[in-house]
Amino acid sequence: MQGDNMGISVLVSSCVALGLDLERLTDRERELVRETPPAEVDASQLRKVILEGGDPLGDMFSALRPSAERRLEGQTFTPFEIVESMVAWAAKKAVPSRVVDPGTGSGRFIIRALREFPRAEGIAIDTDPIALLIARANSCVWGLEDRIDFRLCDYRETSIEKIDGVTLYIGNPPYVRHHNITADWKEWYAATAKELDLPTSKLAGLHAHFFLATAKHMRPGDIGAYITSSEWLDVNYGASLRRLLLSRLSLKELHVFDPASLPFADAQVTGVIVCFSCDLEVDTVVISRVKALSDLGNPDRVLRVGRTDMQNSSRWSSVGLVRKKYPQGYLELGEYFRVRRGAVTGANKVWVVRRGDVDLPESVLVPSVTKARELFEAGETLVSNLHLKCIVDIPLNYQSLDNDSVVRIEQYIAYAQSIGADRGYVARHRHAWWSVGLGEAAPILATYMARRPPRFVKNCVHARHINVVHGLYPRGKFSDQDVDLLLQYLNRNVELVDGRTYAGGLTKFEPKEMERLMVPSFDLLREGR
């Protein structure tokens, strides 16, 4: 803790030494400066590094605040190469009179943009007083502090005044997942989406909120370029953004980073640069796939996709890609099998156990697949359940069991309650918080998230499964031979590109995506085709 305090002292003292005008600070920034013990710093060296294109203050901030803590606030600094490419795009489209950076951080975007547009004024917004101090200090070094209105507030609450010229909205909206967004802001998102005639979702992240706020602020002629996580291109909550970019806003370009590229050094998230405007609809959208930062701005790596194609697609990450062509007689896997998620226990440490570790009747201990690797290790057939853990699945009518079983079950329920198993979200939304409610055993089990294709396994021991794997349930009666042929095909032909790829190359198959996998008919499989 003492080391952290010393680091804060050095960081704040560095900001002050670089020429901050203390009279311009907000009350919280001024309080921070006043309450932080001064430290000796080398202002000339800091200035030199900044003018050479570095961000020593931002680096100090990142070192002081762990990445896990910064992720909770969406504080991920953008590589300079990406900042440069986004400013370059804006320079080709307009000469803005104003630049708005809605989550300024250390000021990388606002400073680079104002250097590019010497007659523009700027608005830099952040909720963190330390980040705003850093942005102010960096702007002082570049001689830009008089051109920037620094605001310590939430972008969704601030007012962006009308001006006569073009406003450029540029930056990296904070990526905060919906779990960490308060109920009142989720209500704001729903109300704003309704106002803009957009679908809404409680699963939308903070970056989606920033797009909606931007749509409300923008005026005809304004332009924007944001870099965000790319998951909204495909997921359900992204429907509001996708419609927004084809209605109130006009999507110009999408630069989708390869999932393995990891554009942010300290965050396992994918990336996409979204370039848009507030004017008439365009007929085509420019899309590029970025495998390395050197690909940005390369005209040989782009394609043009019709606006109608964008409207008709629910998965923008694959728009414009060449799709596989299948021979006649192929159909979707969903024609043969329903794909269902496994049960969610809500507290694995309570409800996932090994036999012998708990005093419960055998009737409530159900052998289950609780880790994906159990399927990868099984090959194509699960022939034993002896190595599997069990789910404690207490029936709603457990009191009809024999007296000894009832006593042991109620003792376990009391234990579970004593450690808070009854207070979780899942438990509170079950018929009885202590009853997991496993479904029927699925004849086929399948992994769905890995850096390799899914493994499909015949469930010969009728093991149950939780939400680490999917279950495939037949829509009709199929022979064992036909099921075996289908399993062989799936395990030899399903590829990662058939799923949805996340940061670092992790690929996920949602149930409906797995049902859309194309497979040969049983007739073709029997013929060996």
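Everything discussed here concerns the structure shown above.
Residues numbered from 1 in each chain as written. Predicted model: local features only at pLDDT ≥ 70, side-chain atom pairs only at ≥ 80, totals over all residues. Heavy atoms only, no water.

What about the overall build of the chain?
The condition is simple: Secondary structure elements follow DSSP: runs of H or I no shorter than four residues count as helices, runs of E no shorter than two count as strands, and numbering proceeds from the N terminus. Only protein chains enter the calculation, and the probe is 1.4 Å; a residue is then buried if its accessible area is under 20% of its type maximum, exposed if over 50%, and partly exposed in between. Contacts are assigned to residue pairs that have any heavy atoms within 4.5 Å of one another. Here the accessible surface of atoms and residues is derived via Shrake-Rupley with a 1.4 Å probe, and residues count as covered only by protein chains that are part of the display. For the charge count, each Lys or Arg is scored as positive and each Asp or Glu as negative, with His and the chain ends excluded. Here the site of a charge means NZ on Lys, CZ on Arg, CG on Asp, or CD on Glu.
The number of helices and strands found in the chain is 19 helices and 23 strands. Relative to its full complement of 529 residues, the chain shows a buried share of 53%. In the chain, once contacts between residues fewer than 6 apart in sequence are set aside, the share between residues at least 24 apart is 75%. Surface summary for the chain: the accessible area is close to 25400 Å², and the carbon and sulfur share equals 49%. Here the chain contributes 67 positively and 68 negatively charged side chains, and the mean placements of these two sets differ by 4 Å.

So, the sheet that holds strand 4 (residues 167-171)
Short version of the rule: Only when DSSP finds a minimum of two bridges between them are two strands counted as paired. What counts as an axis is a line fitted to C-alpha atoms, over the stretch in contact for a helix, and the angles between N-to-C directions run from 0 to 180 degrees.
In space, the nine strands of this open sheet follow the order 3-2-1-4-5-7-6-8-9, with mixed pairing throughout. Each having just a single partner strand, strand 3 (148-152) and strand 9 (302-306) make up the two edges of the open sheet. Taken pair by pair, the neighbouring strands of this sheet meet at an average axis angle of 15°, ignoring direction. The strands touched by helix 10 (residues 206-217) within the sheet are strand 4, strand 5 (223-228) and strand 7 (272-277), with strand 5 carrying the most contacts at an inclination of about 175°.

Some words on the pairing of strand 7
For strand 7, a buried count of six out of six residues is recorded, marking the element as mostly surrounded by other parts of the structure. What you see with strand 7 is no split at all: Val272, Val274 and Phe276 on one side and Ile273, Cys275 and Ser277 on the other are buried throughout. The pairing of strand 5 with strand 7 spans six bridges and is classified as antiparallel. If you follow Thr228 over to strand 7, its bridge partner there is Val272. Bridge count for strand 6 (residues 250-257) against strand 7 is six bridges, and the pairing is antiparallel. Among the inter-strand pairings, Leu251 is bridged to a residue of strand 7, identified as Phe276.

Side note on the pairing of strand 6
Along strand 6, seven of the eight residues are buried, which leaves the element largely enclosed by surrounding structure. Inspection of the sheet shows strand 6 paired to strand 8 (residues 284-290) by five bridges, in the parallel sense. When the sheet's bridge partners are listed, Val256 is paired in strand 8 with Arg289.

Quick word on helix 15 (residues 403-418)
Quick note on the threshold: How far a helix is expected to stretch is found by multiplying one less than its residue total by 1.5 Å. Note that the arc is defined by the directions from the helix axis to the C-beta atoms. Any pair of nitrogen or oxygen atoms within 3.5 Å is treated as a polar contact; in protein, a donor-acceptor pairing is required on top of that, and neighbouring residues in sequence qualify only through side-chain atoms on both sides.
For helix 15, spanning 16 residues, the distance from its first C-alpha to its last is 23 Å, which sits close to the expected 22 Å at 1.5 Å a residue. Where helix 15 is concerned, the buried positions are Ser405, Val406, Ile409, Tyr412, Ile413 and Ala416. Buried residues along helix 15 cover an arc of 130° about the axis, so they all sit on one side. Exposed residues on helix 15 whose side chains face more than 90 degrees from its buried face are Asn403 and Ser418. On its buried face, helix 15 sits against helix 13 (348-351), strand 12 (352-353) and strand 15 (390-392). Taking the backbone nitrogen of Asp404 as reference, a side-chain oxygen 3.3 Å away marks Asp402 as the first, capping residue of helix 15.

Some thoughts on the pattern of salt bridges
Note the following rule: Salt bridge criterion: a side-chain nitrogen from Lys or Arg within 4 Å of a carboxyl oxygen from Asp or Glu.
Applying the stated criterion across every chain yields a total of 26 salt bridges. Two residues, Glu84 and Arg112, come together in a salt bridge whose shortest N-O distance is 2.8 Å. Placement of Glu84 in helix 6 (residues 80-93) and of Arg112 in helix 7 (residues 108-116) is noted, with a sequence separation of 28 residues between them. Look at Glu84 and you get partly exposed, because its relative accessible area is 37%. Close ionic contact of Lys458 with Asp484 constitutes a salt bridge, the shortest N to O distance being 3.1 Å.

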